[in-house]
Each structure stands twice: as structure tokens, then as C-alpha cells.
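Chain by chain, the residues run as shown.
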Amino acid sequence: MRPRSPSAGGRPAGRHAELAALVQAAEEARTGTARRVVVRGAAGTGKTSLLRALRRDPRLRGATVLDTVCEERHSQEEHGALRRLLPDAERLPSGGSGTWQAVADAIGRGPGVLVVDDAQWCDERSLRRLERLPREAEGLPLLIVLAWGAHGTGSARAALGTLVRQPGTRLVTLEALREAAVGEVVGRTFGTPPDPAFVRRCAALTGGNPLLLRHLLVRLRRRGTPPAGDAVGHADEGWHEARTAVVRAHLGRLPEERRRVLRAAAVLGWTGTPPPAAAADGHPATPERVGALAGVSAWQASEILGGYGDVPPIGEPESLRAIVLATTPPEELTDLRTRAARLLNDEGCPAHDVAAHLLFLPRLTEAWMLGVLRDAAEQARWSGAPAEAVPCLRLLLAHEREEHGRVRTGLELAAALVTTDPSAALDVLERLLHETADARLHALAAVQFGTTAVATGNPSAAFDVLSHARRTLGEASASDTGPADRELGRRAEAALLFAALHDRPASEALGTRVRDAAARAPDGAAGLLPRALLGAVEGTSARTVADLADRAVRAGETEVPDWMRVQAALVCYLADEPGMTLEMLGRALADSAGCVPRWALLAARSTVRHRLGDIPAATADARAALEGMRHPGQRTCSASPLAAWARVQLERFGPDAAKPVLDQVTERHLQYSVLDEPYYLTVRAQERLHRGDLEGALAHARACGRWLDDAGLTNPAWGPWRSLAVTALTGLGRTGEAAELADAGLEPARRWGTRHAVGLALLTAGIAATGDRRVALLEQAVHELSRTQARLDRARAHMLLGSALARRGDAEGAYRRLWDAYETARHCGSSALTAKTLGVLATAGGGARRTAGALARLSPTEWQVAGSAARGASNREIAETLFLGRRTVEMHLTSVYRKLGLAGRAGLPGALALRTVRPGPSTARPASPPASSPASPSSPSSLSVYRSPYQATT
């Protein structure tokens, strides 16, 4: 069968009820009572097809049908529609009455039908006469049909609205086609029954609009696409072409004035929002601006734009704007954008609205345009959206001719690119380095190149460029050392140190580089940071170096970049000044234009929170750091997120959870920072200790110590390798070697002077000692660590002291220390340390206690599940928090009930609070702890650090 057009076949598909309503009105008119029907529908819904079907309907045989189609150009012709409608236009009376006589003469004795299509463009006088005609033509068998685009913009729109509300007017509304009607049209077009899936897709694409459906089907038929289920994808391919064709055809029929208004509105950003609302929201496409750009009045612009609900449905309004812009000649479009930018600028609109037009111009011809682009870039930077500044800065850089302006713009562009495309930022900076002859400007570009190169994983290139820039700057500033030169020298030296901390081949010379930088550092604020880092390397005085670092970042305040804050924060962290550290690194983390990767800061914040004993928060940061590093857009990787995640897994679930994470670390992960390797070795040694692999733990701990010695980092605060090595040696029975190693760390710790470093050194010495000396050293360690915020280290010290007291026979003292360790570890969220403390507690006090012994048999995962359930969490909440299945949670709870001898969940709070644990009969009974478990300790939201320091493991 030969395929036919969708309009073929007589009655339009899906319009049987509407056609029947029109025919019924015609039959009623045969009785001598004039009828009036208004057919209303959006463009493309089939009004014209319905009127054509009415004229061909056999039930109208014998009737005289007079019809006309109104166009916009006819809307101002007086009586134009009636003159075109009636055959003897010259006899049409000029007054307001007598029209019925002309109509009666036209239709003769038989019934008549007057049809006016696109009545929204009908002239108002014709419409008023057609409104009165049913009353004047009483007894005349006449049907008047007006087809009205529901949102038309003609001058007769108000008259049509009044006419629809008149008594005796019948309204027929054309809705979108239903799926069955769409299937009928598809079948007519292809001449074969269509597949239901194909029909559903066509209906979804076109929204049931007959005009769009016809264009889509005609194009698919021309391509030879059958209406089969496996051709659904081809319907999507033809949809964009069909939609574009409809809108192009619509635009091509418009008068030039309307086309100018649409083009002006599209350039100003109009997307279908009514202009008054757009003006209220501050949108640039107001009627006044559109009219000024198109050369019409604001009222005309509002009228034209307000009618675009009648445009065929084309999806998002932005599609109409895109097609209007695509059909505008390039020369006209450039002129419109230039005039639009000038108009908005003269009216004081925001710079980003003006810049949106300047970005499309092939060249900037006026000086004010450059100022607008710079203002727009500055606004984007301060609003926390540096990526929005990139196109403005690129265009500015292309038009800058003066060297200072080029360097300034290039540095701003690189800073905006560094968070989204670091490689592009490096390309911009490299071009600046090659094109800039001035030594000071070259040094500025070198500093930014160096820090950006470090962020992209190329610290060697950064070190070379910065070294050359420092030499060049020194030669240029030999005779002039003003404040600007000193500040630039300060930045260059700080950037060199930043590169040195990341340059893996420079690990052996790290201490030497820091000493050289401190020796070259000038007096005053410019030399504060190098001297602070030197003190941290040599371990001279923690209080002094913390003060130097704090003054270094406060000297420049808001101008200090994130990488300098990170170095200062490292010093403060080593100096055990958490408040200063949090302030500095919180600002670095909040710097949207910073070059230090966010995942590196999150990994470091996890480390800090781990030391403070906030395991849940440390876990959240470590997870976010790992996800950020693995994001597809990242080009660098590091061992620090993996090590941070492994450490919290070790604390929560034990070595079996930490080992697979650490096994993922490769040589590539250790290349990002020279401090990644000692951090990784520390966590690996801790994992081996928890597993009971003492030889493996000792090997990794000694490797960390050798690395620090080779790098010249003599300060004991850089790593806890001594504590790990002494613990392993003691377990291997090599007590003499352990004692010698532990004693060697006491003097450096006391020289550094922080309570945390001294407490860990005493703790390490206590592990290696025996008898009363062991107890004395551990008591001193507890005293020092109790005055720090390192709660996990404090809990370990309490546990070791309690164990030593138990072996000496002091059951009461042992119980008190072990209870403190248990409570601290439980509140911190360390399941591994809690379980270990319970194991020691079960054997303390002269004999095992039933509940403590049972709790000691819980695995770390069982302890976490039981603790969450005791605090009131549901099984679903526990599963989501611990990343377990609900059946797994139920299995762990069943095991906990069995081990603790409980009937159900209600007994968990009392059992986990150890209410049944008591010291022996000969000892005093301490106060019973509260049954409820307090919430995890709060930690400052801006906790962050650049490198990952250590954790004491005993």
C-alpha cells in the first residue's frame, strides 16, 4: 500500500468529537437560528485541518461555505476580513449594521457557513460585526466558525476574549492527541500498523502536537525508517530536525518587525519568561531594552513576546532562542551584541550581564569593554565561582598589549583555572615565563608556576623554575630592596620550600634545603616562615617556631595563599598548637582559588581529627579524600588518602580491614609528596603490630626512621617510628635494644618541648622498661598526655599503666586506669582500642569478671554494631552507617547477645557500660559510670593539615 500524508484520509485523527460538535452546530443553524462556534487551540494542534474536514463533511452538502484566513499584515485593515470573506465586497455597508443583508445575499436561500481561520489576526471592526451578526440575522440559517490561536497577539485578542464569554457562543478546545490518535496518524503516514513502542516514543517526543508529529513522521518516512519497535532510536534522531524545521518555518513567515523583536530578545537572553516577570527578577530582557534594541516601542515588544505561548511546542524555551540566534546573519548578530552590551553598560547593569555579550564579539573595539571584562572576572572570583571568570580573562589576555597587564591577567587566569584544569593553568604560566622580560614580573609568574606544578604532581619542574627566578630576582634587587621586593622574595622562598616538601628526589636534601632557605631569608616578616620551618626541622623550640609561623601568615593576612598557610599549619601542628593550626588550615580549605588539592586537605584533616580522638569525623574526611582523589577529573594521586582511610579502618575494624587499603599504595602514590612515604610506613607498621607481625612492624618502623634521618628531620615530632619500633622489639624479647632506642628519643623530645612529644617519648621508654621504672615512666607519660588533646594516645597510656599496675598487684589502681582507658576509647569511637582495653580489664583486679571477659571476646565489628544498637540506632541505620548489609547487622547482634548472655537489645546499654564489672573483694569500689553513651566529641569544622603526622601505637 502506498503511504499517505498524515492529513490524508478525510477526518483528522483524534478530532472526531470536535468535528461532530461543529457539524451539530451547523445542523442546528439549518433551523433558522444563527450559531457561533470558536475553535481554540495552540499552534499546530490542527485547527486548520479541522476546518478543512468540516468543509468536506457530507452533512454540509448544500450549504454555502465562505472562508478566509487572517494574517498579521491584515490586522489593521478596516473590515478587511469581511471584505475577503464575502463575494461582493463592494456592497458591504460601511456603518455598524446591515452586515446580515450582505451575508444573506451571499448564501442565498440555503444554509451558510462563515469560516475565519487565525482569527487572532482579524481586524477588530470585522470581529465586532461578526459578534453582532447572530442577533441581526435572526431566522437566517447561518453558522459562524472562528478559529483562534489561544495565545495570539493580534489587536483583536481582547474582542475575541469578550466574544468567547458571550451567551450563545460554543467553545471547542483542541487538546494534544492521545496515544491512540497518534497511532492512527502513524498508521496513515506509513500505510502499515505501527509498533506500540514506536507510537509511544513519537507521542512523547511531540507531546501529541499534530504539526510536530506530521513533520517528524514525514522525515522518518523519507529516511526509510519503518514504524517498528527497533526503530525507536531513529525517531529520536529525526526529532531535532523536525522541531528545528517547524520553528524555522514559523520565523520565516514573520513580518520583519516581529523578526527584529525576536532577534533582539534572543540576544538579550529571553527564554520565554513573560517580560514583566523578567524585569521584576532583574533579567536583562525587559520590554524597554528589547524595544530599544529592535527599534520598536516597549509596548510593541511586550505584545509580540507575550504571544509566544502560541509557538508550536518545541521543548524548552531556550530551544526557540537558540534557533533564532542560529538563523540571524553573523554581521547582524555582531551588531546586535555590540549594541546590547553598550545598552546594558549605559544602564549600569551588572558586569557579568554586559560581559556575556562581549565574549561573543570577534574583537573588542572600545576601551570600556576591557574594564567590564575585568570587573566581571573579579565578581566571579569573589563570589566563589572562579571558572566563570575564565572566558573573561582569556579574552582580556588576548587584548592586553602592556607587559604588566599581560602578567597580571595571566596570573589571574591561571588562578581561576587551577581548580578545574591545572594543566591549562600551567600552559598559561609557561607562556608568561617565556614572554616576560622584567625580573620581578618573571618571579611572580614563577612563584605561581611552582605552586601550580606541585599541585599537578611535577615538583621537580617547580623547583627548577623557582631556583632560576630566585637567582634572577636577587640580581635585579641587588640595589633596590624595597617592601615590594622583600614581599616577593618571601613568596619565592616559601614557594621553594613548598616545592621541596613535594620533590621526591629531594628527600635526602630536605633538611639542607630548609637550612639554605632560612640562611637566605631576610630580616622581618619576609623571613619568618623559612625560620619557622628550620626550627621544626631541627626541633629547637616548639613555642618559638609556632609564634614565627603565626606571624608569617598574619603579616599578609588576606593576601596569603593557601600553600603558605599549609606550611605554617604544618609547623603549628608539629608544635602541638591545634587552635592555630585549625585557623590556618581552615582558611586554606575555604580558599576556592587555592592550588592545594582539596582531597589532600581532607586527608590531612582526617589525621588531625584522629589525633583528637574523633574517629567518626576522621572517617568521614578520609572517605571524602579518597573519593576526591579517585574522581575522574583528578590527574594526581597520593598515598595520604589511602593511609588515612586505612588508619581509621584499623581503628574501627582491625587490621583485616586496613591491609587491603594499604596494599593499593604503589610507587606512583608515593610521588606526590616527600612526606607521603614516612606517613605510609607509619600506618603500615601500625597495621603489622595489630596483626601480631612484630618483625614486619619493626622493618617498616626502622625504614621510616632511616628516611627521616636521611632527610635531616631530627625533630621527634615528625614521626612515631621509635614508639612502633620499641613496641615490636619488646614483643620480640629484645629489651636491651628497645631500651636503648627509647632512651635516645627522650632528649630530643624534651628539647622540642611539647607535652605531646614528651608524653610519647616517656610512653615509649615505659614500654621498654620493667618493674617500678616502667610504672614510673608510664605515670609520667599519663601526666603529660592528659594535658594534651591527643585523647587516643592518652587512652593507650592509661591502658599500659593499668596493665603494669595489675602485674604489680595494684588491682584498684589498675582498674581505675583501665576504666579511664576504656571510657576514652569508647567515646572516641575506637573499637580496636576498646576491645583491647576490655581484654586487659578482664584479667585485672585479681580475677576475670564475667561481663568484662565476655565483652573482650567481641570482635571490633561486633563492638561497633553493639555500641550503635545500645545508643538506640535501628538495624537499617547501623547498616547505612557501617556500610554493612541488614542481614549482616542482624547476624552480628545475634552473636553479641550470645556472647554476653543477653535476651535482646534492651540489655545492651547496661552490659556495654560494664555495670557488672567490679574490683575484687579486697579493693574499693569506684563509682559506676553512667549507662548512656555521650555523643562523639565535637571538633572544629575547619580542622585541616597539609601533611599527615603520626599516631602513637603501643
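Rules behind the numbers
Residues numbered from 1 in each chain as written. Predicted model: local features only at pLDDT ≥ 70, side-chain atom pairs only at ≥ 80, totals over all residues. Heavy atoms only, no water. Helix = DSSP H or I, 4+ residues; strand = E, 2+ residues; numbered from the N terminus. Buried < 20%, exposed > 50% of the residue type's maximum accessible area, 1.4 Å probe, protein only. Contact = heavy atoms within 4.5 Å. Areas by Shrake-Rupley, 256 points an atom, 1.4 Å probe, with all protein chains shown as cover. Axes fitted to C-alpha atoms, helices over the stretch in contact; angles between N-to-C directions. Parallel < 35°, antiparallel > 145°, perpendicular 65-115°, else oblique. Nonpolar A, V, L, I, M, F, W, Y, C, P; charged D, E, K, R; others polar. Phe/Tyr/Trp six-rings, centres within 6.5 Å; stacked < 30°, edge-to-face > 60°. Core = buried A, V, L, I, M, F, W, Y, C linked by side-chain atoms within 4.5 Å. Expected span 1.5 Å × (residues − 1). pLDDT = per-residue confidence, 0-100. Salt bridge = Lys/Arg side-chain N within 4 Å of Asp/Glu carboxyl O. Polar contact = N/O pair within 3.5 Å; in protein donor to acceptor, adjacent residues only side chain to side chain. Left-handed = near helix turned anticlockwise from the far one by under 90°. Pairing = 2+ DSSP bridges. Right-handed = clockwise from strand over helix to strand, strands pointing away.

A separate point is the overall build of the protein. In terms of regular secondary structure, the protein is built from 48 helices and five strands. Here the protein holds 954 residues, and the buried ones make up 57% of them. Put simply, 69% of the contacts in the protein that link residues at least 6 apart link residues at least 24 apart. Entry remark: accessible area of the protein is about 39,000 Å², with carbon and sulfur atoms responsible for 50%.

Here the focus is the packing of helix H4 (residues 99-107) against helix H5 (residues 124-136). Between H4 and H5, the least distance of the axes is 9 Å, while the angle of their chain directions is 75°. One finds that H4 runs roughly perpendicular with respect to H5. Each of Thr99, Trp100 and Val103 in H4 lies in contact with H5, whose residues at this interface are Arg129, Leu133 and Glu136. Along the lines of polarity and charge, the residues of the contact of H4 with H5 split into three nonpolar, one polar and two charged.

The full count for this structure, using the stated rule, is four aromatic pairs. Relative to tyrosine 822, the ring of tryptophan 819 has its centre 5.1 Å away and its plane inclined at 45°; by these criteria the two rings are tilted. Taken together, the positions of tryptophan 819 and tyrosine 822, both in helix H42 (residues 811-828) and three residues apart, correspond to about one turn of that helix. Tryptophan 819 sits in the buried class, given a relative accessible area of 11%. For tyrosine 822, a relative accessible area of 0% puts it in the buried group. When the centroid spacing of 6.2 Å and the interplanar angle of 75° are considered together, the rings of tyrosine 822 and tryptophan 863 count as edge-to-face. Of this pair, tyrosine 822 sits in helix H42 while tryptophan 863 sits in helix H45 (residues 860-870), placing them 41 residues apart in sequence. Each of the two residues, tyrosine 822 as well as tryptophan 863, counts as buried.

A word on the nonpolar core. Of all hydrophobic cores here, the largest spans 225 residues; its most connected members are Val290, Leu358, Trp563, Trp718 and Trp752. Contact partners of valine 290, with chain neighbours within four places excluded, come to Val261, Ala264, Ala265, Leu268, Ala285, Ala301 and Leu305. Core analysis: the second largest hydrophobic core is formed by 30 residues, Ala81, Leu85, Trp121 and Leu133 among them.

Given 3.6 residues to a turn, an α-helix orients residues that are three or four positions apart in the same direction. A rise of 1.5 Å per residue sets the reference length of helix H34 (residues 676-691), with its 16 residues, at 22 Å; its end C-alpha atoms lie 23 Å apart and thus fit the reference within 8%. Summarising burial for H34: 14 of the 16 residues are buried, a large majority. Downstream of H34 by one or two residues, glycine 692 has phi in the positive range, about 90°.

Turning our attention to the confidence of the model for the protein. Mean pLDDT over the protein works out to 79, with 84% of the residues at or above the 70 mark. Note on residues 274-281: pLDDT under 50 across the span, and seven contacts to partners over four residues away in sequence or across chains. Confidence over residues 846-850 falls short of pLDDT 50; this stretch has nine contacts with residues more than four positions distant or in other chains.

This brings us to the pattern of salt bridges. The full count for this structure, using the stated rule, is 43 salt bridges. A salt bridge links glutamate 131 to arginine 128; its shortest N-O distance comes to 3.6 Å. One end of the pair, glutamate 131, and the other, arginine 128, are both in helix H5, three residues apart, so they sit about a helical turn from each other. Ionic pairing is found between arginine 796 and aspartate 793, a salt bridge with its closest N-O pair at 4.0 Å. Linking arginine 796 with aspartate 793, this pair stays in helix H41 (residues 791-808), spanning three residues, or about one helical turn. The structure contains a network of salt bridges with shared partners spanning Asp656, Lys659, Asp663, Arg684, Glu687, Arg688, Arg691 and Asp693.

As a further point, take unusual backbone geometry. What you tend to see is this: most non-glycine residues have negative phi, and most peptide bonds are trans. The backbone of aspartate 118 sits at a positive phi, close to 55°, despite the residue not being glycine. Secondary-structure assignment places aspartate 118 in the loop between strand E3 (112-117) and H5. The exposure class assigned to aspartate 118 is partly exposed, which follows from its relative accessible area of 24%. If you check the backbone angles, aspartate 576 has positive phi at about 60° while not being a glycine. In this structure, aspartate 576 sits in the loop between helix H28 (562-574) and helix H29 (578-590). You can call aspartate 576 partly exposed: its relative accessible area is 23%.

The terminal C-alpha atoms of H42, which comprises 18 residues, lie 25 Å apart, in line with the 26 Å expected from a rise of 1.5 Å per residue. A distance of 3.0 Å separates the backbone nitrogen of glycine 813 from a side-chain oxygen at the start of H42, and that oxygen is part of aspartate 810. One or two positions beyond H42, positive phi appears at glycine 829, with a value near 90°.

A separate point is the environment of valine 514. For valine 514, the position within the fold is in helix H25 (residues 510-520). Each C-alpha atom, one on valine 514 and one on glycine 712, is 9.6 Å from the other, the two residues being 198 residues apart in sequence. With sequence-adjacent residues up to four places away left out, valine 514 is seen in contact with Leu497, Pro530, Leu533, Leu534 and Val537.

Turning our eyes to something else, we now look at the packing of H34 against helix H35 (residues 694-711). Where H34 contacts H35, the two axes come as close as 8 Å, and the packing angle between them is 160°. Here H34 lies roughly antiparallel to H35, going by the angle between them. The element H34 and its partner H35 pack so that their crossing is left-handed. Mapping the contact onto sequence places Glu677, Pro678, Leu681, Thr682, Arg684, Ala685, Arg688 and Leu689 in H34 and Leu694, Gly696, Ala697, His700, Ala701, Ala703, Cys704, Trp707 and Leu708 in H35.

Turning our attention to the pairing of E3. When you tally the buried positions in E3, you get six out of six residues, the bulk of the element. Of the two faces of E3, the one holding Gly112, Leu114 and Val116 and the one holding Val113, Val115 and Asp117 are both buried throughout. Judged from the six bridges that link them, strand E2 (residues 64-69) and E3 form a sheet pairing that is parallel. Within E3, the residue paired with valine 69 across the bridge is aspartate 117. Alignment of E3 against strand E4 (residues 142-149), held across five bridges, turns out to be parallel. Across the sheet, the residue bridging to leucine 114 is isoleucine 144, located in E4. Since E3 and E4 lie parallel, the crossover through H5 that links them has a hand, and here it is right-handed.

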